[in-house]
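Listed below are the residues making up each chain.
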Amino acid sequence: MCSTPSIGDHLDHVAVVGGTHGNELSGVYLVKHWLQDPSELQRATFTATPFLANPKATKHCMRYVSQDLNRSFTRTFLTFKGTQAGPYEVRRAQEINQLFGPRGTADAFDFIFDLHNTTSNMMACLISDSEENIFTMHMCHYIQKHTEGPCPIYLYGCPGQENFALMSVAKNGLGLELGPQPHGVLRADVLSHVRALLAHGLDFIDLFNQGTSLPAFDIVAYKIIEPVDFPRSPGGELLGFVHPQLQDKDFLPLKPGDPIFQLFSGEEIFYEGDTTIYPAFINEAAYYEKGTAFFKMKKCTFSIPPLEAPTASAP
Ligand SMILES: [Zn+2]
């Protein structure tokens, strides 16, 4: 998990990362643009650093070359020796951990924004590890208040599970997961949306750095329960696909007995759980190989405590 946010500290070191997945083009092209002209990333109290995370995959417009970079930040991979022979993304994860971490140390960057796209109808999804990440939850609240349309909060951390994501090398982080957009494609509406969300996030850090304290609030967020795979043959071949009534219904209630899959034979498969869940990442292209047709999510309301402004400005 991310280390507990160092509330009370001025945030000086902020990175904006694109191309963690090389075929998610909003972040890829925005970061390429900001590397030429970073003025959009400047605020009164800091300037964020743009960074292209997986240049090799980006060059080939692929999600990754050897393995998923955004699953390569586990302790095992970060301490993996024999780097010459290791998979490209493992070496890259170690480089990124040196640049923006090392994770869990005082030298680590204060905040990383990681820009992603999804083929799922996730809208302007805000991704964090846990509701215990108070600073990020305040940022999500701020972004929601300043954005038209839904910005659901997706919490991916599971108790006891080690954090594997790129943004975990910093002290705090937020993933911006915009969709639906096909991988390898730029859409104007999605591009402008991610830009606006990021601007609000940068504004929030600036506001905090300038000494603004924020009150407590209650907020709705969705917490991961478990992935659900497609219906498959014993050999792993797909036997069906996401049911048309479930397609594009990310973060909407799915009740026991609702259809979730349709087999090629025409037969329907129904959700057999005993409680209403809220699916997310429905029919994400990159998750076919991970055995995930969608994630079951729990809708929760959290009481987030106040956020005190930095006690002393440390420019
Ligand atoms: Zn991604």
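It should be noted that the structure appears before, not after, this text.
For the structure given in this document, a descriptive report is provided here. Quick caveat, the model's predicted, so the values are computed rather than measured.

1. Description of the overall build of the chain
(1) Moving on: A count of helices and strands for the chain gives six helices and 11 strands.
(2) Moving on: Over its C-alpha trace the chain gives a radius of gyration of 20 Å, about what one expects of a compact globule, namely 20 Å for 315 residues.
(3) Moving on: If one aligns the C-alpha atoms of the chain with their principal axes, the spans along those axes are about 65 × 50 × 40 Å.
(4) Moving on: Partitioning the contacts of the chain with sequence separation of at least 6, the portion at a separation of at least 24 is 73%.

2. Section: the sheet that holds strand S3 (residues 111-117)
Backbone-to-backbone hydrogen bonds join strands into a sheet, with any given pair of strands oriented parallel or antiparallel.
(1) Moving on: Taken together, eight strands build an open sheet; the order of strands is S2-S1-S3-S6-S4-S5-S7-S11 and the sheet is mixed. Of all the strands in the sheet, just strand S2 (49-52) and strand S11 (294-304) have a single pairing partner and so form its edges. Neighbour-to-neighbour, the strand axes of this sheet turn through a mean angle of 30°, independent of strand direction.
(2) Moving on: Alignment of strand S4 (residues 123-128) against strand S5 (residues 153-155), held across three bridges, turns out to be parallel.

3. A short note on helix H1 (residues 25-36)
(1) Moving on: Taking 1.5 Å of rise per residue, 12 residues should cover 16 Å, and H1 covers 17 Å from first to last C-alpha, within 8% of that figure.
(2) Moving on: Of the residues making up H1, those classed as buried are Leu 25, Ser 26, Gly 27, Val 28, Leu 30, Val 31 and Trp 34.

4. Some thoughts on the nonpolar core
(1) Moving on: Grouped together as the largest cluster of nonpolar side chains are 82 residues, with contacts concentrated most on Leu 126 and Ala 280.
(2) Moving on: A total of seven residues in this core trace back to one element, the largest contributor, which is helix H6 (residues 188-209).
(3) Moving on: Not counting residues within four places of it along the chain, the set of residues in contact with Ala 280 comprises Met 122, Tyr 154, Tyr 222, Asp 250, Phe 251, Phe 294, Phe 295 and Met 297.

5. What to know about H6
(1) Moving on: Taking 1.5 Å per residue as the helical rise, H6 with its 22 residues ought to reach 32 Å, and the 32 Å between its terminal C-alpha atoms agrees with that figure.
(2) Moving on: Taken as a whole, H6 has its buried residues at His 193, Val 194, Leu 197, Leu 198, Gly 201, Leu 202, Phe 204, Ile 205, Phe 208 and Asn 209. The arc enclosing the buried residues of H6, seen along the axis, measures out at 170°, which places them on a common side. Facing away from the buried side of H6 by over 90 degrees, the exposed positions are Ala 188, Asp 189 and Ser 192.
(3) Moving on: Here the buried face of H6 lies against strand S1 (14-18), H1, S3, S4, helix H5 (134-145) and strand S6 (172-179).

6. Details of the environment of Met 137
(1) Moving on: Inspection of the secondary structure puts Met 137 in helix H5.
(2) Moving on: For the pair Met 137 and Phe 295, spaced 158 residues apart in sequence, the C-alpha to C-alpha distance is 21 Å.

7. Some thoughts on the pairing of S6
(1) Moving on: Along S6, eight of the eight residues are buried, which leaves the element largely enclosed by surrounding structure.
(2) Moving on: Residues Asn 172, Leu 174, Leu 176 and Leu 178 of S6 are buried on one face, and the alternating residues Gly 173, Gly 175, Glu 177 and Gly 179, pointing to the opposite face, are buried as well.
(3) Moving on: Sheet topology note: the S3/S6 ladder contains seven bridges and is parallel. Each bridged residue has a counterpart across the sheet, and for Asn 117 the counterpart in S6 is Leu 178.
(4) Moving on: As paired elements, S4 and S6 share five bridges and run antiparallel to each other.

8. Let's talk about unusual backbone geometry
(1) Moving on: Note that the residue after Gly 101, namely Pro 102, is joined by a cis bond; omega there is -10°.
(2) Moving on: Along the polypeptide, Pro 102 turns up in the loop between helix H4 (88-100) and S3.
(3) Moving on: Geometrically, the link from Gly 179 to Pro 180 is a cis peptide bond, its omega value of 15° lying close to zero.
(4) Moving on: Relative to the assigned elements, Pro 180 resides in the loop between S6 and H6.

Each value, and the rule that gives it
- Residues numbered from 1 in each chain as written.
- Predicted model: local features only at pLDDT ≥ 70, side-chain atom pairs only at ≥ 80, totals over all residues.
- Helix = DSSP H or I, 4+ residues; strand = E, 2+ residues; numbered from the N terminus.
- Rg over C-alpha atoms; globule rule 2.2 N^0.38 Å.
- Contact = placed C-beta atoms within 7 Å.
- Pairing = 2+ DSSP bridges.
- Axes fitted to C-alpha atoms, helices over the stretch in contact; angles between N-to-C directions.
- Expected span 1.5 Å × (residues − 1).
- Buried ≥ 20, exposed ≤ 12 C-beta atoms within 10 Å, placed from the backbone.
- Core = buried A, V, L, I, M, F, W, Y, C linked by C-beta atoms within 7 Å.
- Arc of directions from axis to C-beta.

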